[in-house]
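# Close look at the chain arrangement
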Amino acid sequence: MNSNNLTRRKFLAATTGTIASVAASRVPVFANAGKEAGKLAIHGGKPVRAKAWPAWPQWDKSAEEPVLAILRSGNWYRGQGNTVTQFEKAYAELLGAKRCVCTVNGTNALLTALHVLDIGVGDEVIVSPYTFIATYNVVIGSSALPVFADTDPETFQINPDKIEERITERTKAILPVHILGLPANMDRIMAIAKKHNLVVIEDACQAWMAEWRGRKIGTIGNLGCFSFQNSKHLPIGEGGAVIGNDDELMDRVMSFHNCGRPYGSVKRTSGYPIIGTNRRMTEYQAAIGLSQIKRLEKDTQRRNENAEYLTSRIKDIPGIIPHKLYEGVTRAAYHLYPFRYKKEHFNNAPRSKFLATLSAEGVPCSGGYGPQYRDGLIEDFLNSKNFTRGFPKARLDKYRQELNYPDNDQLCEEAVWLTQNMLLGSRGDTGDIADAILKIYENRDKLA
Ligand SMILES: Cc1ncc(COP(=O)(O)O)c(C=O)c1O
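Before going into details, it helps to say that this report is about the structure given with it. What you see is a predicted model, and the numbers here were worked out from it, not measured in a lab.

Another point: the overall build of the protein. Along the backbone of the protein there are 16 helices and 15 strands. Over its C-alpha atoms the protein spans a radius of gyration of 24 Å, differing by no more than 12% from the 22 Å that the globule rule assigns to 448 residues. Among the 448 residues that make up the protein, the fraction classed as buried is 57%. With an accessible surface of roughly 18900 Å², the protein has 51% of that area assigned to carbon and sulfur atoms.

So this is what it looks like as structure tokens:
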């Protein structure tokens, strides 16, 4: 189906009624669609798309032998092989980082980064409320207070204008999340961190290969953390990594994640063990990582091309507001493709109706994160021993009063997400997404 002839002018005319002839016919006809094709699938019409979307994860036969070789060797632990080391080297090289240490998952990569940067009881960490719950969990798990700075609804990222007002004498770090694989404003975040003497830990768990001014996301802050969970662009089932350029810090990452064994500059000074834990990746995980890493660049290119095309096709549809990328973004990762839905342009149909209608047209979608900071989780940790003992009551009371993020709340009501695998198809596949949205727009009077 082709709806390219549905122009911006016609859209404007349809919404403002300034061009009489178009206004008279109200809504532009869904291009080339017959009567039946124009009927919404939720009302029994033919969906725009019946074909499946690309599956995820994807692999080929060449991925099998390295995993089998490790299985047959019995050397499954990183201390008995060098596959994890090879994967760490390959990932660090790919991102232009000096060092990489792999972990069991992204959550533990972040916990490790927080630990080696000495974030703990009584500290505060500035973080975006618009993120996967793991980002909240790692700060809470470090007994530090996650202090949210409101979201920039245009970019879906932490709003740099809202960070400084949240800094207190207890603030030790900023934890920007490059959420949905779209980079946060790293120029502003790094400048604020420098001014207030804070460390920066990048939660790049959704942002492999994304770039800020030509530098890979994850290499700009003190440490960068990644996830290789099954849905991710470098999928291993579970897995994670910490990357960094500071040898001393990365020695600490290596030592801490490996039971506190001395490593490089981390030495036992008085004969007793060093604080540590076990967050090691296994050899067969790394073998899958090494095969998946080969496709990452090509997939990233494809996602970016299709995302750009999709934006060009939907940007003029009234009520559909594609995400913006900051001027410093030289590449996004597109773990998700987000846009905002303004119901006033769709006959006041609630977003849930739009999501169901778009899904019925063969374009699966979701509304993304809710305002999670309103969930019971926050009260639970504020009332827990770590927090009642680690912070004065007055601080926790003020924290409760400040749990108010209107821009984030609005975004949580308006966001629409499409998953990354949907950007791995052809231009025609991507066009189906735009066609389905246009079809809904044209039938908006039948939505409520
Ligand atoms: C933004 C973000 N941070 C952290 C994590 C945690 O990673 P993992 O699931 O590998 O523990 C995820 C995983 O989805 C994530 O999306």
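To continue, consider the pattern of salt bridges. Within this structure, the stated rule accounts for 33 salt bridges. A salt bridge links Arg-49 to Asp-429, with the shortest nitrogen-to-oxygen separation between them at 2.8 Å. Here Arg-49, found in the loop between helix H3 (35–38) and helix H4 (64–73), pairs with Asp-429, found in helix H16 (residues 427–442); they are 380 residues apart in sequence, far enough to count as distant. Accessibility assignment for this pair places Arg-49 and Asp-429 in one class, buried.

Attention now goes to the site of the ligand. Close to the ligand lie 16 residues; Gly-106, Thr-107, Asp-203, Ser-227 and Lys-232 are nearest. Gly-106 is positioned such that a nitrogen or oxygen atom in its backbone is 2.8 Å from an oxygen atom of the ligand. Alone, the ligand offers 380 Å² of accessible surface; in the complex the protein occludes 92% of this. If you list the elements that add at least two residues to the shell around the ligand, you get helix H6 (106–116) and helix H7 (133–141). Here the shell around the ligand takes 3 residues from H6, the largest share from any one element. A class-by-class count of the residues in the shell around the ligand yields 6 nonpolar, 8 polar and 2 charged.

Rules used in this analysis
- Residues numbered from 1 in each chain as written.
- Predicted model: local features only at pLDDT ≥ 70, side-chain atom pairs only at ≥ 80, totals over all residues.
- Heavy atoms only, no water.
- Helix = DSSP H or I, 4+ residues; strand = E, 2+ residues; numbered from the N terminus.
- Rg over C-alpha atoms; globule rule 2.2 N^0.38 Å.
- Buried < 20%, exposed > 50% of the residue type's maximum accessible area, 1.4 Å probe, protein only.
- Areas by Shrake-Rupley, 256 points an atom, 1.4 Å probe, with all protein chains shown as cover.
- Salt bridge = Lys/Arg side-chain N within 4 Å of Asp/Glu carboxyl O.
- Near = heavy atom within 4 Å.
- Polar contact = N/O pair within 3.5 Å; in protein donor to acceptor, adjacent residues only side chain to side chain.
- Nonpolar A, V, L, I, M, F, W, Y, C, P; charged D, E, K, R; others polar.

What is shown is where atoms sit, not what they do.
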